[in-house]
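# Observations on the three-dimensional arrangement
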Amino acid sequence: MHIGLVGLGKMGGNMRERLRKGGVEVTGYDRNPGISDVGSLEELVQTLPAPRTVWVMVPAGAATDATVGELGKLLEADDLVIDGGNSKFTDDARHAEELGAKGIHFLDCGVSGGVWGLENGYGLMVGGGEDLVERAMPIFDALRPEGPREEGFVHAGEVGAGHYAKMVHNGIEYGLMQSYAEGYELLMAKDIVKDVHGCFQAWTRGTVVRSWLLDLLVKALEPDQKLSGIKGYAEDSGEGRWTVEEAINNAVPMPAISASLFARFSSRQEDSPAMKAVAALRNQFGGHAVTAAGPTSGTGDTGSTTIDDGHPVTDAGPSSGSGDVS
């Protein structure tokens with residue numbers, strides 16, 4: 001089998017290599033000529049035997065829209081486009097309709113495995129027609145992990161189902177990571193625990209919380225269990241947001257995943273406006289002390305011991321607010 005692969009970044013490049021090792025001939029195209037096999041999408045299409053199969057592995061949104069649109073101009077009836085990126089499931093129906101008007105087929109495929117997929121294989125979740133899935137099965141079999149097909153591959157349903165399943169997968173991933181992270185913080189906070197890395201490592205076999213994510217956390221903690229070289233700031237890929245949006249749209253309670261998404265938002269705030277409001281409210285209704293912002297935040301003098309209505313203010317001290325307040 002000979003396919004085209006568009007997008008040879010961190011995952012796409014590894015997928016090209018794994019496919020080739022699995023006996024699939026791959027011609028890859030990337031805007032970076034240093035890693036591309038051909039000079040253009042047009043040249044890519046010309047190298048493929050009909051009916052052609054082109055796997056798209058570019059960023060979701062505008063980049064995928066542009067690539068699918070260009071392929072729609074270059075491909076012919078009965079060719080197949082597979083979107084393996086992290087597209088929102090609602091984009092899939094539109095892409096399938098646009099290509100279908102020209103007789104070009106479409107599958108969506110959620111892919112999990114990250115930078116480890118080359119070695120371990122990729123978890124695959126596919127949406128689209130059964131006949132098209134069977135046609136592309138040599139590709140899926142080359143990419144998925146070794147072992148029973150059903151333990152690394154699923155034909156999830158109609159167009160959009162693959163990316164929908166991947167969206168939910170990533171939402172679950174958010175919740176799992178947040179749970180491990182909160183456990184890590186509590187272990188680090190208790191002075192009787194001296195080997196936090198060892199605690200996580202001890203959970204990797206035989207316990208109910210063992211997982212590949214736990215293995216990766218152990219790996220991350222091994223050189224420095226304080227993670228002193230990492231800032232406590234976390235982005236979100238978008239799929240966590242989409243998962244929570246779908247939970248709202250379908251009236252599905254999702255407290256853990258929602259909280260994990262909001263925790264990432266909190267990580268980007270050096271001085272939370274919401275917590276300022278909470279502190280001010282506690283001061284108003286209960287006379288509870290509030291912590292002065294200090295000169296480093298640009299909010300002015302910290303010498304005052306009261307706010308305008310006379311309620312007490314506590315100086316945060318030189319660091320995080322846990323220092324001397326006398």
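One can find the structure itself at the top, above this paragraph.
Being a predicted model, the structure only gives us computed values, none of them experimental. (Residues numbered from 1 in each chain as written. Predicted model: local features only at pLDDT ≥ 70, side-chain atom pairs only at ≥ 80, totals over all residues. Heavy atoms only, no water.)

The strand order across the open sheet built from seven strands is β2-β1-β3-β4-β5-β6-β7, with neighbouring strands paired in mixed fashion. Looking at which strands have only one partner, the edges of the open sheet turn out to be β2 (25-29) and β7 (153-157). Here the strands of the sheet are splayed against their neighbours by 25° on average, with no regard to which way each runs. Judged from the five bridges that link them, strand β1 (residues 2-6) and β2 form a sheet pairing that is parallel. (Pairing = 2+ DSSP bridges. Helix = DSSP H or I, 4+ residues; strand = E, 2+ residues; numbered from the N terminus. Axes fitted to C-alpha atoms, helices over the stretch in contact; angles between N-to-C directions.)

Bringing the nonpolar core into the picture now. Counting 26 residues, the largest nonpolar core has W55, I82, L107 and F140 as its most contacted members. Of all elements in the fold, only β1, α1 (10-21), β4 (80-83), β5 (105-112), β6 (123-127), α6 (130-135) and α7 (137-143) reach the threshold of two or more residues within this core. If you look at the next biggest cluster of nonpolar residues, it comprises 17 residues, including V56, V58, L75 and F106. (Core = buried A, V, L, I, M, F, W, Y, C linked by side-chain atoms within 4.5 Å. Buried < 20%, exposed > 50% of the residue type's maximum accessible area, 1.4 Å probe, protein only.)

On to helix α8 (residues 161-189), then. A rise of 1.5 Å per residue sets the reference length of α8, with its 29 residues, at 42 Å; its end C-alpha atoms lie 42 Å apart and thus fit the reference within 8%. Taken residue by residue, α8 has A161, G162, H163, K166, M167, N170, G171, Y174, G175, Y180, Y184 and L187 as its buried positions. (Expected span 1.5 Å × (residues − 1).)

The next thing to look at is α1. Taking 1.5 Å per residue, 12 residues should reach 16 Å; α1 reaches 17 Å between its end C-alpha atoms and fits that length. Those residues of α1 that fall on the buried side of the exposure criterion are G12, G13, N14, M15, R16, R18 and L19. Looking at the buried positions of α1, the neighbouring elements they touch are β1, β2, β3 (53-56), α5 (117-120) and α7. (Contact = heavy atoms within 4.5 Å.)

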